[in-house]
Amino acid sequence: MDTVSPIERFLRGTAITLVCLFFMFPIIWIFLMSFQSNETILRVPPSVVFSPTLENYTALITGKLETQAGSLDIDFMGNLFNSLFLSTASVLLGLVLGVPAAYAFARLKFRGSEDIAFTLLSFRFAPPLLVLLPLTIYFQQLGLANTYGGLIWVYQLIVLPLILWIVRGYFEDIPADIEYAYRIAGHDFWSTFWRIALPLAGPGIAAAGLLSFIFAWNNFVFALVLASADKQPVTVGALAFVTASGIQYGQVAAGIVLSIAPTFALAVYAQRYLVEGLSLGAVKG
Amino acid sequence: MSIELSNIRKAFKANTVLADVSLSIAKGETLVLFGPSGAGKTVLLRLIAGVIEPDAGQIRVNGRDMAGVEPEDRGIGMAFQNFALFPHMDAFANIAAPLTARRQSKSVMKETVEKVARLLKIDHVLHHKPKELSNGQKQRTALARALSAAPSILLLDDPLRNVDAKLRFEMRLELPRLLKDQNATVIYVTQDYKEAMALGHRIAVMTAHGIQQVGTPEEIYLTPANTDIARLFGDPVINLLDVRPEWQGGQVVAMVSDRPVRLLDQYTSQIGRDCILGLRPESLHFVAEGSPGAIPVEIETETPLNEKTVTLALTLRGREIMISRPAGTPGPASGQAHIALNAASAVLFDRATGQRIAPVRHSMNEAVA
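Calculation criteria
- Residues numbered from 1 in each chain as written.
- Chains lettered and ligands numbered in written order.
- Predicted model: local features only at pLDDT ≥ 70, side-chain atom pairs only at ≥ 80, totals over all residues.
- Helix = DSSP H or I, 4+ residues; strand = E, 2+ residues; numbered from the N terminus.
- Buried ≥ 20, exposed ≤ 12 C-beta atoms within 10 Å, placed from the backbone.
- Contact = placed C-beta atoms within 7 Å.
- pLDDT = per-residue confidence, 0-100.
- Nonpolar A, V, L, I, M, F, W, Y, C, P; charged D, E, K, R; others polar.
- Pairing = 2+ DSSP bridges.
- Axes fitted to C-alpha atoms, helices over the stretch in contact; angles between N-to-C directions.

Attention now goes to the overall build of chain B. In terms of helices and strands, chain B carries 9 helices and 21 strands. Its C-alpha atoms give chain B principal-axis dimensions of about 80 × 45 × 35 Å. Expressed as a percentage of its 369 residues, the buried residues of chain B come to 40%. A sequence separation of at least 24 residues applies to 66% of the contacts in chain B between residues at least 6 apart.

What chain A contains, in helices and strands, is 13 helices and 4 strands. At a minimum sequence separation of 6, the contacts of chain A that also span at least 24 residues come to 78%.

Turning to unusual backbone geometry, a few remarks are in order. Residue and element names in this part refer to chain B. Following Asp 235, the chain continues to Pro 236 via a peptide bond in cis, the omega torsion being 0°. Its place among the elements puts Pro 236 in the loop between helix 8 (227-232) and strand 11 (239-243). Although it is not a glycine, Asn 7 adopts a positive phi angle of roughly 50°. Tracing the backbone through its elements, the reader meets Asn 7 in strand 1 (residues 3-12).

Attention now goes to the confidence of the model for chain B. In this model, chain B carries a mean pLDDT of 88, and residues with pLDDT of at least 70 account for 98%. Of the two predicted TM-score estimates for the complex, the pTM is 0.79 and the ipTM is 0.82.

Right, let's get into the environment of Gln 58 of chain B. All names here are of chain B. By secondary structure assignment, the location of Gln 58 is in strand 4 (residues 56-61). Residue classification places Gln 58 among the partly exposed residues on the basis of 14 C-beta atoms within 10 Å. Between the alpha carbons of Gln 58 and Ser 6 there is a distance of 5.3 Å; along the sequence they are 52 residues apart. For Gln 58, the contacting residues outside a window of four places in its chain are Ser 6 and Asp 65.

Opposite the 21 residues of chain A that make contact, chain B presents 22 residues. With 7 residues, helix 8 (residues 176-184) of chain A is the single largest residue contributor to the side of chain A that touches chain B. Partitioning the side of chain A that touches chain B into residue classes produces 13 nonpolar, 4 polar and 4 charged.

Take the sheet that holds strand 11 of chain B next. Residue and element names in this part refer to chain B. The strand order across the open sheet built from 3 strands is 11-15-21, with neighbouring strands paired in antiparallel fashion. Two strands lie at the open edges of the sheet, namely strand 11 and strand 21 (347-350), each paired on one side alone. Taking the axes of each pair of neighbouring strands and ignoring which way they run, one obtains an average angle of 30° across the sheet. Sheet analysis places strand 15 (residues 275-279) next to strand 21, joined by 4 bridges and oriented antiparallel. Opposite Cys 275, over in strand 21, you have Asp 350 as the bridge partner.

Here the focus is the environment of Phe 76 of chain A. All names here are of chain A. Within the secondary structure, Phe 76 sits in helix 4 (residues 76-107). Distance in space between the C-alpha atoms of Phe 76 and Ala 238 is 7.8 Å, their sequence separation being 162 residues. When near neighbours in sequence (up to four residues on either side) are disregarded, Phe 76 contacts Leu 60, Gly 63, Gly 237 and Gly 255.

Dropping the structure here:
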């Protein structure tokens, strides 16, 4: 690296600190809020000095929300389960459908392949409400409204294009010679896909799975329209904290902490997949 | 197994790589595909391996049309120039890949892999992943993988390209024996003429315009089809001098350094034609002044190489000419000298087309008239 002048180093340090503060502050603030009662959160001026309380978390876990207006039942844990189940199932289905499709788009140049791939991507251009209105009617007629199956199906709109396009790039990055070598060695198309293409695109598949999981987890509008209380994920369930006696900031914060925990853990775990190189030095540049 | 390629054409988009290529390789033969990069050698190998399909033409193996036969069903072993090892498998699994496809028992597989690995001196790194192998070891692993199932057709795509000079030299010595033991039909791609000469029963010289000449290494070296091929083979490179054969004293001669150099009588019909005379540096030798056919030259520099000494000289007309002689044999290092050549070793090319003019045997009277 070049020598850096003290001024430049100072400016860089300041810039990095500002950026970190900007991105990290809300998360830290939410984390602190989740251990406070509504009164301490709303006091003016705000302070970081408070006596921590776990009552927000207990309220979420027991499902009993105590407000001035009385006791309220909320099913936050059910929402959390719904989120987990919907996101996981959607990603799994998306991988089962998307990975072979991505391989086809990467390796088999068939007529119209680019057009089909682009059409799938274009689902992400349209505002979700555009699809939702007709879907609501169809879903009610088909009996898919307010079912996990229906939601998982609709979630493919979010998950599938993402998986398809990310994984396709990883497949294209595998030198074709490696697959050719396996074919010539006497293995058929499918075992080449299983034994060579899939393991080598592993980091990409993990990355796509992770990203689409986060997107599915954070989805709001599909579930809001197509699911009722017992199938709602946390994003929609959080609306329950807006109560007659005001917004329960403490519980909202605790809910947010609980709901980002799985995606956060997943990101930390999958990081090494994302960083690990693809080709591993088998083919000389 | 024999391989027969007829009228193969292959284009990628608008870029025609192979236009009407035909070639046949006999059972058990080692054919070297030699030529500069971009000539389509690798594409040809891939067509034979079946990983790409020709646009037109036919590939027959042992008389059987290969159209539509999947690569895994062709029974071919192939080593890639970039090695193409499976990065997530260790060397053992890489070499065993052709055996797992043939569903051999674990013990037989282990035995075969270890035998091939010993032969190629990589038995000590069998449990290393490709990224832990040196370039030479990668190359040997790739070769071992191609050999392990003892295929009857072996396609080697410039396997020595990406290894260092020392290893290349060693492998050039080892490979002919290795290939002979395999008893396979081999197509070997290279850009190195020494490799081509050392390994091939026959050499097919390929350029962007297709296959230029097919012949034994001797044929290619001694009777190159054109000046391009003549230049590609040989180090130091062949001397090419513009000449116009003439008739002098009942002989066909070409003037070099203002002296008549006798050519074969079979070149009689070329008298008066603009030609290029090809003289291999090692076919020239120094002679004493006044000996028959002596050509005066002025020595410019002498370069001693390990096994030979190369002398650069100028003719009286100022044309450069190189003379090569075995190291240790006496020769002038500077000043005036005389050289002579063997008429039979001189090759004549047409100056306009660069094509070799074959010596024709016919009666002299007819030609002169």
